[in-house]
There are 4 protein chains.
Amino acid sequence: MTAVTDMSFTKPIPAYLAQRYMGWRATTFQENRGWYRRLAEEGQRPRAMVISCCDSRVHVISIFGADQGEFFIHRNIANLVPPYEPDGDRHGTSATVEYAVTALRVAHVIVLGHSRCGGVQGCYSMCSGDAPELEEKTSFVGRWMDILRPAYETLPDADEATRLTALEHEAVRVSLRNLMTFPFVREAVEAGTLTLHGLFNDIAEGSLWTLDPPTGAFQPV
Amino acid sequence: MTAVTDMSFTKPIPAYLAQRYMGWRATTFQENRGWYRRLAEEGQRPRAMVISCCDSRVHVISIFGADQGEFFIHRNIANLVPPYEPDGDRHGTSATVEYAVTALRVAHVIVLGHSRCGGVQGCYSMCSGDAPELEEKTSFVGRWMDILRPAYETLPDADEATRLTALEHEAVRVSLRNLMTFPFVREAVEAGTLTLHGLFNDIAEGSLWTLDPPTGAFQPV
Amino acid sequence: MTAVTDMSFTKPIPAYLAQRYMGWRATTFQENRGWYRRLAEEGQRPRAMVISCCDSRVHVISIFGADQGEFFIHRNIANLVPPYEPDGDRHGTSATVEYAVTALRVAHVIVLGHSRCGGVQGCYSMCSGDAPELEEKTSFVGRWMDILRPAYETLPDADEATRLTALEHEAVRVSLRNLMTFPFVREAVEAGTLTLHGLFNDIAEGSLWTLDPPTGAFQPV
Amino acid sequence: MTAVTDMSFTKPIPAYLAQRYMGWRATTFQENRGWYRRLAEEGQRPRAMVISCCDSRVHVISIFGADQGEFFIHRNIANLVPPYEPDGDRHGTSATVEYAVTALRVAHVIVLGHSRCGGVQGCYSMCSGDAPELEEKTSFVGRWMDILRPAYETLPDADEATRLTALEHEAVRVSLRNLMTFPFVREAVEAGTLTLHGLFNDIAEGSLWTLDPPTGAFQPV
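Basis of the calculations
Residues numbered from 1 in each chain as written. Chains lettered and ligands numbered in written order. Predicted model: local features only at pLDDT ≥ 70, side-chain atom pairs only at ≥ 80, totals over all residues. Heavy atoms only, no water. UniProt positions renumbered as here; feature names shortened; annotations may be inferred. Contact = heavy atoms within 4.5 Å. Buried area = accessible area lost by both parts, 1.4 Å probe. Salt bridge = Lys/Arg side-chain N within 4 Å of Asp/Glu carboxyl O. Polar contact = N/O pair within 3.5 Å; in protein donor to acceptor, adjacent residues only side chain to side chain. Helix = DSSP H or I, 4+ residues; strand = E, 2+ residues; numbered from the N terminus. Nonpolar A, V, L, I, M, F, W, Y, C, P; charged D, E, K, R; others polar. Expected span 1.5 Å × (residues − 1). Buried < 20%, exposed > 50% of the residue type's maximum accessible area, 1.4 Å probe, protein only. Least-squares fit on C-alpha atoms with pLDDT ≥ 70 in both. Pairing = 2+ DSSP bridges. Lys, Arg positive; Asp, Glu negative; His and termini not counted.

In the annotation of an unreviewed UniProt entry, chain A is listed under the name Carbonic anhydrase and assigned to Palleronia aestuarii. Among the UniProt annotations of chain A, the heading Function (unreviewed entry) holds the following wording: "Reversible hydration of carbon dioxide."

Visitor: What am I meant to see in the interface of chain B and chain C here?
Guide: One widely used convention gives an interface's size as the accessible area the parts lose upon coming together. Listed by partner, the interface residues are 23 residues for chain B and 23 residues for chain C. Across the interface of chain B and chain C, roughly 2000 Å² is buried in total on both sides, 43% from carbon and sulfur atoms. By the criterion of area lost to chain C, the three top residues of chain B are Trp35, Arg45 and Arg47 of chain B, representing 40% of everything that side buries. The tally of links between chain B and chain C comes to six salt bridges. With a shortest N-O distance of 2.5 Å, aspartate 67 of chain C and arginine 47 of chain B are connected by a salt bridge. Run the count over chain B and chain C and you get 14 residue pairs in polar contact (both at pLDDT 80 or more). Considering every element that reaches the side of chain B that touches chain C, the biggest residue donor is helix 1 (residues 15-42) of chain B, with nine residues. A breakdown of the residues in the side of chain B that touches chain C according to their chemical character gives seven nonpolar, eight polar and eight charged.

Visitor: Looking at this structure, how should I read the interface of chain D and chain C?
Guide: Residue-level contacts link 110 residues of chain D with 109 residues of chain C. Of the roughly 10100 Å² buried where chain D meets chain C, counting both sides, 63% is carbon and sulfur surface. Along the contact surface separating chain D from chain C lie six salt bridges. Residue arginine 20 of chain C pairs with glutamate 70 of chain D through a salt bridge whose shortest N-O separation is 2.8 Å. For the interface between chain D and chain C, the tally reads 57 residue pairs in polar contact (both at pLDDT 80 or more). With 15 residues, the single largest contributor to the side of chain D that touches chain C is helix 1 (residues 15-42) of chain D. Looking at the side of chain D that touches chain C, its residues break down into 55 nonpolar, 32 polar and 23 charged.

Visitor: Quick question: what am I supposed to make of helix 3 (residues 92-103) of chain D here?
Guide: Residues spaced three or four apart along an α-helix point in a common direction, a consequence of the helix completing one turn every 3.6 residues. All names here are of chain D. The first and last C-alpha atoms of helix 3 sit 16 Å apart over 12 residues, in line with the 16 Å expected at 1.5 Å per residue. When you tally the buried positions in helix 3, you get 10 out of 12 residues, the bulk of the element. If you check which residues of helix 3 are buried, you get Gly92, Thr93, Ser94, Ala95, Thr96, Val97, Glu98, Tyr99, Ala100 and Val101. Just downstream of helix 3, arginine 105 is the residue with a positive phi angle, here 50 degrees.

Visitor: When you look at the relation of the copies chain B and chain C in this model, what are you seeing that I'm missing?
Guide: Copy one and copy two of the chain differ by a rotation about a common axis and a shift along it. Structural alignment of chain B on chain C gives an RMSD of 0.0 Å, achieved by rotating through 180 degrees and translating 0.0 Å along the axis. The transformation relating the two chain copies, once decomposed into turn and shift, fits a two-fold axis. Here 100% of the interface residues in chain B have copies in chain C that are interface residues too; the copies meet face to matching face.

Visitor: Quick question: what am I supposed to make of the relation of the copies chain D and chain C here?
Guide: Under the fitted operation, chain D is carried onto chain C by 0.0 Å of movement along the axis and a turn of 180 degrees, and the coordinates agree to an RMSD of 0.1 Å. The fraction of interface residues of chain D whose copies in chain C are also interface residues reaches 99%, indicating that both copies meet through the same surface.

Visitor: I keep staring at the side chain of serine 62 of chain C and nothing clicks. Help me out?
Guide: Here serine 62 of chain C shows up in helix 2 (residues 60-63). We classify serine 62 of chain C as buried; its relative accessible area is 16%. With sequence-adjacent residues up to four places away left out, serine 62 of chain C is seen in contact with Gln19 of chain A together with Trp24 and Thr28 of chain D.

Visitor: Explain the pairing of strand 1 (residues 48-53) of chain C to me, please; I cannot follow it from the model alone.
Guide: Two faces make up the sheet, and in a regular strand the side chains alternate between them. All names here are of chain C. With six of six residues buried, strand 1 is to be regarded as a mostly interior element. Sheet analysis places strand 1 next to strand 2 (residues 71-76), joined by six bridges and oriented parallel. When the sheet's bridge partners are listed, serine 52 is paired in strand 2 with arginine 75.

Visitor: What is the right way to look at the side chain of glutamate 98 of chain A in this model?
Guide: With respect to the helices and strands, the residue glutamate 98 of chain A is situated in helix 3 (residues 92-103). For the buried glutamate 98 of chain A, which has no salt bridge, the nearest side chain bearing the opposite charge is arginine 143 of chain B, at an N-O separation of 8.0 Å. Setting aside anything within four residues of it in sequence, one finds glutamate 98 of chain A in contact with Ala103 and Phe184 of chain A together with Thr138, Ser139, Phe140 and Val141 of chain B.

What follows is the structure in structure tokens.
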């Protein structure tokens, strides 16, 4: 640590977070230090991978009472998985799936959608012509939401709220279908060592819906 | 929701997760339903974005005692941010940064690295010639870790454990530097409306280290 | 600001406070200025209202690690809420409750009592005939503590220390019951958008007690 | 504690606050338990009373780096003090002033105003005829803001933002003048054992302004 690397465009941790960390360290960490040390020394062995949205209101850890070591969690805009494209370019989401399934050999991959999703709302506005800025080549959000674009055409003829929810549901289904385009995912699913699951969290109601395999509809847990 | 879409390659939610969800719903959700409803109706207003690893042992929510609505969280392999490349391709991580900074206008972006990172270990093995499979064009993890590859050349001449930790530290610094290549990040930082922070979590020790801006070294919080 | 208004009965800020403010401004404010500016421009959205005593030893901010924007805080003598009396007179405490519940729509109202409360001690002395000066019409403290006077009759037959603690506990219960006499509080509680909570802080022990809803007793957190 | 008092309209403390309290207890309390115990056993001896707004963005504790035992703090809507009225009715704010000055014998009373005050905004709207609901006899906020009503007539002929700031400044001056109508305040001020101070906090700028005694204007600290 002797080399000096000027990072003066950054700032130290805000004090309120430092204080909260001190509280965690004095309580939760102390209570679990034996287990955490083992997790560090022996490596993680998570049972499931969860793919959820970055949205601050989606709390997979809390909803599932998860503790350190339980879930390998990837969070991106609108919980989307792109199709398999081994073209040598960077694919951050595909890298997480590859690592979870081939290196960690998780038993479950769960795609967790949610209501009031800003990313899905943006996709909807873009597809209905109300957000031309998202059509720009330079819009990272727009280009990312292109993954969901084909689903817009399949939306039911209904009021906007219904169509938005339908598109949020589609974000889960599209990701699950795209997961199956990865050869290592398909092989593990077919070998019975991996199962895929679709879930949907309604934030206002605190309700959780599970994707029904035969019908593809979401049903209350 | 009457249309049928065969999703029979998926499974319903595992029972142990359904049971945990029921526990959350009967307790935490009941205690906070007024607040969660408001968050749903009025939208999120997270104060900070956190970019962390998918690793199941990294618990940013727990360490910072965060509740719903506080943090916009992106998690990927090795908490990496690629440089700004508005080429019209999909860039999932760049989309999360764009959304957090321009739409949500978060006040802080925190890059949280951690010890024993499998992604960084893979990068190290790849760069030292011990993991030819990661050099394959079809390796998503390998191509993703290319973001960190240049940092390998800067590692100190030391034992492997020291060099690995140094590379884990570099993953935080590289991401922070790449964040500054995004025009909207740089503008917000220069306007004083956004601050960037580097943190590092040692899993075994439960310790948290903050990046010291003048020296670029990590110091205990 | 050119008009002159003689305020020469006042003094400028004491130097020791000016110096501390300079410290805050150079540190905490600098670290958080983006967030504080947003709070100023977009308005506050506190999750909870806390009603506590003015006592200098009661530190709700510190105990709950609260930062700017989190709690709407009313502090008065003995954390008392009077009953609903819309008679057109000034009711400062009722105004704070009205503003928190109807304008800010907080999700929680927390009444935080504490040990060694001078106001409760005064009420006890007054009711036991030892403080005739508090019975005077001109005693603001006495007339304010009249809110708690009926509870004195319900105290257990025990030693004084026990009876004082019981009266401090009653101050929390009386306030919570009086809160329910406000129509807008009752409606929000019944609609599930607001929850009421009773807490008690023992200053010497640093302990926190939560009011158990079915029994009305205080139990350690 | 054997008696049962049904308080089932309340709820236990929310878990996120219980967790934060645990963190405080394991850190700040442990570090200071000797001092806190003395404060409990020997009683508080605060140097100053602060009268500030309930607004969640006004952090007197933080701004002045105050620890337990330093400030006796009263917080109400718009940091107002009514005039001396010993009519035998409840006057919560007057009770806090009486207790601080006559029982605790504080050396300073500080009235701390702030920008973007919702209470002052309400008063402004009410006085300009835009908020008839605040004129209702049943409006606690309206009747409380009547304390400030006379100051509306003295506002400069200027744009609304300027007039609002002027009214926020007046809230401090009115409270200070009303403090002097309390005989025990005036006597202590004239005896030199108590000093009164006016301060104003601009939330967005993090700036603090002190009331200049000869001119009555606010000047940067």
